[in-house]
Structures are given as C-alpha cells and as structure tokens.
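Here is how the chains run, residue by residue.
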Amino acid sequence: MAPAPERVAAAPARTRGRRRAWDEVPRWQIYVPLSIYLLFTLIPFYWILLFALRPAGSTSLVPWPMTFEHFQKVWTDRDFGTYFTNSVYVGLATLVLTTVVALAGGYALARFDFRLKRGFMLALLCSQFVPGALLLVPLFQIFAKLSMINSLGSVIVAETVFQLPLSMILISGFIRNVPYSLEEAAWVDGCNRMTAFRIVVLPLLRPGLIAVGSFAFVHAWNHFLFALMFLSDQSKQTIPVGLNTLMSADSVDLGALAAGGIIAAVPVVIVFAFIQKWLITGFSAGAVKG
C-alpha cells in the first residue's frame, strides 16, 4: 500500500513541471507572432479609412485634413441610403424567417425520432457543400413563375433557404443540451408541449438563437449574388450590389469605394461588438451534443 501515495504525489509534480515550462516561455515568442498577425490585419482597415477620409487626389499617408466628402457622395449622389435601407430590410427579414423555421426544424430533429432521420441530417450537411451559384437557375425559374423577380421577397426567400440547413443543425444541437426532464416536469404541471417549450426551453435557447440569427443577418447583409441576379431595379438593390456600381471598366473611385465599404462594414461590426459573448456561447453549445 506504500507506493500508492508516491504515484499520487508524482502526478501533481509533473503537472507543476509542465506549468513551469509554460511559464518560462519567453514572452517575445508569444507577442511577436501576435503583433505580426495584428499588423497584417489592421493595415487593410487603415488603408480603407485613409482613402475614405483624405481629400480626393491626396497622396498623404495620414488622413489630414480630414474630409467626409466621399461619404456624402456615396450616400446622396450614389443612392447608398436606399441600398442601406434595402439591406437592413433583407437582413432583418432573413434573420426572423431563418430563426423561426430553424427553431421548429431543430426541435423536431432534437426531440423526435422518425424514419430516415439520419439520412435527412446527412442531406442537410451535404447541402452545405453546394455553392449558391448552382441554385440560381432553379430559384430564378421558381421566382419567375411566382412573379417574385425584381422583388426583395425573392432575395429574402433565397437567403433563408440557403441559411436553413446549418441553422437547423446548430439549433438542434443546442436543444439537445437542454435536459428533457425539464419539459417532462412542465407536462406534469399541466402544460402542453407548446407551452412547455415556450416557458421552459425557449429562454434557455437565447445564446443559440442569437448565434443563428446573427449568422443569418450577416450573410444576408454581405451576399452579393442573389441580389444581383433577382433584382433589376436600382431602387431595390442592396449594399453589395451598390458597391459594385462604384467600379466601372474605365476607372474606380477609390475614395467613394472606401467610404461605401465603411458604411457596409459598420453595422456588422456594431452587431458583433454587442453580441460577441452570446455568439461564442451559442456556436460552441450548438456544435456538440450534450
């Protein structure tokens, strides 16, 4: 019986040895690679700000004197206010539709057993390997028969269909982490399935819903292809297509393009700044089975 305490004491000693080895790593070996990565990440952002804020024709590496003429130009002369409004509408509508439909489908995948369930899950996973360009022809024909071409509804439906498979998988994984006994306890108290889901399960899904909703919103906000193919009226275009109009075959207005890029990026940055904690929690919880 005597050797056992020695083995037990040896494990913490090895752990302390590994910790000391990690603590003895020179800090420059950590900070130098991180600084290089940060430098390559921030330089493009600074370059965009430089072109957007310095006067036209200037070659200064510092945006001084600072001007907002490029922002005014793209917002009024290039009709970016309309593009911005359309993108907000498409993004919010896609967020709501994707979240609601994925919530219903994810609950069914997590709580019910049915024939071909594994095959259905495999089909959802395989659909993520299909590029959106392959969906253009069938979607265009469907929307043409439904008289939805040149309508924001066609872009919303296309974005929702494109986002649903991954969203359903994520939400189903998150629902599996909610103990089934909580719903059963609510049933014993007299709640039906819908009421138990609304009172017990839904509040626990907030991180997952925020993650799925934000992912759908950002994708709809940035997606270029569907808006380009399904919308022909300039007054119904979205910001990605509006950025494309700033480039012509003969010349590119770099100042206006940089200002438009900042206008397109700011809402997404603000959204991620506020929901970062919920986003990380939601994706990490929905990616594993509890």
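From a predicted model like this one, the values you see are computed outputs, not experimental measurements.

With that settled, the discussion passes to the overall build of the chain. Assigned secondary structure in the chain consists of 13 helices and zero strands. Here the chain holds 290 residues, and 36% of them are scored as buried. Across the chain, the fraction of contacts at a sequence separation of at least 24, relative to all contacts at a separation of at least 6, is 72%. Surface summary for the chain: the accessible area is close to 17500 Å², and the carbon and sulfur share equals 70%.

All right, on to the packing of aromatic side chains then. Summed over the entire model, instances satisfying the criterion amount to 13 aromatic pairs. Taken together, a centroid distance of 5.4 Å and an interplanar angle of 85 degrees make the contact between phenylalanine 84 and tryptophan 221 edge-to-face. In this pair, phenylalanine 84 sits in helix 4 (residues 80-111) while tryptophan 221 sits in helix 10 (residues 206-222), placing the two residues 137 residues apart along the sequence. What makes phenylalanine 84 partly exposed here is its relative accessible area of 23%. A relative accessible area of 1% places tryptophan 221 in the buried class. Seen in terms of ring centroids, tyrosine 107 and phenylalanine 197 are 5.0 Å apart; in terms of plane orientation they differ by 75 degrees. Their pairing is edge-to-face. On the criterion of sequence distance, the pair formed by tyrosine 107 in helix 4 and phenylalanine 197 in helix 9 (residues 193-201) is long-range, its members being 90 residues apart. Cluster of aromatic residues (ring-pair linked, three or more members): Phe140, Phe143, Phe162, Phe226 and Phe230. Over the aromatic face of phenylalanine 51 sits the side chain of arginine 54, whose NZ or CZ is 4.6 Å from the ring centroid.

This brings us to the packing of helix 7 (residues 152-176) against helix 10. Interaxial distance between helix 7 and helix 10 falls to 10 Å at its minimum, and their mutual angle equals 160 degrees. When the axes of helix 7 and helix 10 are compared, the pair comes out roughly antiparallel. Crossing angle aside, the handedness with which helix 7 passes helix 10 is right-handed. Residue-level contacts link Glu159, Phe162, Gln163, Leu166, Ser167, Leu170, Ile171 and Phe174 of helix 7 to Pro207, Gly208, Leu209, Val212, Phe215, Ala216, His219 and Ala220 of helix 10. For the contact of helix 7 with helix 10, the class distribution of residues is eleven nonpolar, four polar and one charged.

This structure, assessed with the given rule, holds two salt bridges. Here glutamate 183 makes a salt bridge to arginine 111, at a shortest N to O gap of 2.6 Å. With a gap of 72 residues between them, glutamate 183 in helix 8 (residues 180-188) and arginine 111 in helix 4 connect regions that are remote in the sequence. Like glutamate 183, the residue arginine 111 is buried in the burial classification.

Looking now at the side chain of lysine 117. Along the polypeptide, lysine 117 turns up in helix 5 (residues 117-127). Here the side chain of lysine 117 touches leucine 109 through a polar contact of 2.6 Å, landing on its backbone oxygen. When near neighbours in sequence (up to four residues on either side) are disregarded, lysine 117 contacts Leu109 and Phe112.

Residues Tyr46, Trp47, Leu61, Val62, Trp64, Met66 and Phe68 make up a contiguous nonpolar surface patch of roughly 820 Å² in combined accessible area. Tracing the backbone through its elements, the reader meets leucine 61 in the loop between helix 2 (28-53) and helix 3 (69-77). In this structure leucine 61 comes out as exposed when scored by relative accessible area, which is 55%.

What follows covers the side chain of glutamate 159. Inspection of the secondary structure assignment puts glutamate 159 in helix 7. Lacking a salt bridge, the buried glutamate 159 has lysine 236 as its closest oppositely charged neighbour, with an N-O distance of 17 Å. Beyond its immediate stretch of four places on either side in the chain, glutamate 159 contacts Thr94, His219, Ala220, His223 and Phe226.

In this section: the environment of phenylalanine 162. Relative to the elements of secondary structure, phenylalanine 162 occurs in helix 7. Along the backbone, phenylalanine 162 and threonine 98 are 64 residues apart, and their C-alpha atoms lie at a distance of 9.4 Å. Every residue in contact with phenylalanine 162, bar those within four places of it in the chain, is listed here: Val130, Pro131, Gly132, Leu135, His219 and Phe226.

Mapped onto the elements, alanine 52 comes out in helix 2. Along the chain, alanine 52 and proline 63 lie eleven residues apart, while their C-alpha atoms are 8.5 Å from each other.

Summing up the model confidence of the chain, the mean pLDDT is 81 and the portion of residues at 70 or higher is 87%. The secondary structure element of the chain with the lowest average pLDDT is helix 1 (residues 3-23), at 51, and the one with the highest is helix 4, at 91. Note that pLDDT drops below 50 for residues 1-9; the model gives that stretch zero contacts with residues more than four away or on any other chain. Every residue in residues 286-290 scores below 50 in pLDDT, and together they form ten contacts with partners more than four places removed in sequence or on other chains.

Rules and cut-offs
- Residue indices follow the written sequence of each chain, beginning from 1 at its first position.
- Predicted model: local features are reported for residues with pLDDT of at least 70 only, side-chain atom pairs are reported and counted for 80 or more only, and whole-chain, interface and lining totals are derived from all residues.
- As a rule here, side-chain values cover all heavy atoms of the structure and leave hydrogens and water aside.
- Helix and strand definitions follow DSSP, with helices as H or I runs of at least four residues and strands as E runs of at least two, each counted in order from the N terminus.
- A 1.4 Å probe rolled over the protein chains alone gives each residue an accessible area, and that area as a share of the maximum for its type sets the label: buried under 20%, exposed over 50%, partly exposed in between.
- We call two residues contacting when some pair of their heavy atoms lies within 4.5 Å.
- What sets the accessible areas is the Shrake-Rupley method with a 1.4 Å probe; for residues, cover comes only from the shown protein chains.
- To pair, rings of Phe, Tyr and Trp, with the six-membered ring standing in for Trp, must have centres within 6.5 Å; the planes then decide the type, stacked if under 30 degrees apart, edge-to-face if over 60, and tilted in the middle.
- Here, a charge over a ring means that NZ of Lys or CZ of Arg falls within 6 Å of the ring centre while also lying within 35 degrees of the ring normal.
- Lines are fitted to the C-alpha atoms to define the axes, a helix being fitted only along its stretch in contact, and any angle between axes, read from their N-to-C directions, falls within 0 to 180 degrees.
- Orientation is classified from the angle alone, with under 35 degrees giving roughly parallel, over 145 giving roughly antiparallel, 65 to 115 giving roughly perpendicular, and any other angle giving oblique.
- Rotating anticlockwise by less than a right angle from the far helix to the near helix defines a left-handed crossing, while the corresponding clockwise rotation defines a right-handed one.
- Each residue gets one label: Ala, Val, Leu, Ile, Met, Phe, Trp, Tyr, Cys and Pro are nonpolar, Asp, Glu, Lys and Arg are charged, and the others, such as Gly, are polar.
- Salt bridges are defined by distance alone: a side-chain nitrogen of Lys or Arg within 4 Å of a carboxyl oxygen of Asp or Glu.
- N or O atoms within 3.5 Å of each other form a polar contact, as long as, within protein, one can give a hydrogen and the other can take it, and as long as residues adjacent in sequence are counted only when both atoms are side-chain atoms.
- The patch calculation keeps residues exceeding 30% relative accessible area without a salt bridge and links them within 9 Å when they carry like charges or within 5 Å when they are nonpolar (Val, Leu, Ile, Met, Phe, Trp, Tyr).
- In this tally, Asp and Glu contribute negative charge and Lys and Arg positive charge; neither His nor the terminal groups of the chain are included.
- One number per residue, pLDDT, summarises how confident the predictor is, and it ranges from 0 to 100.

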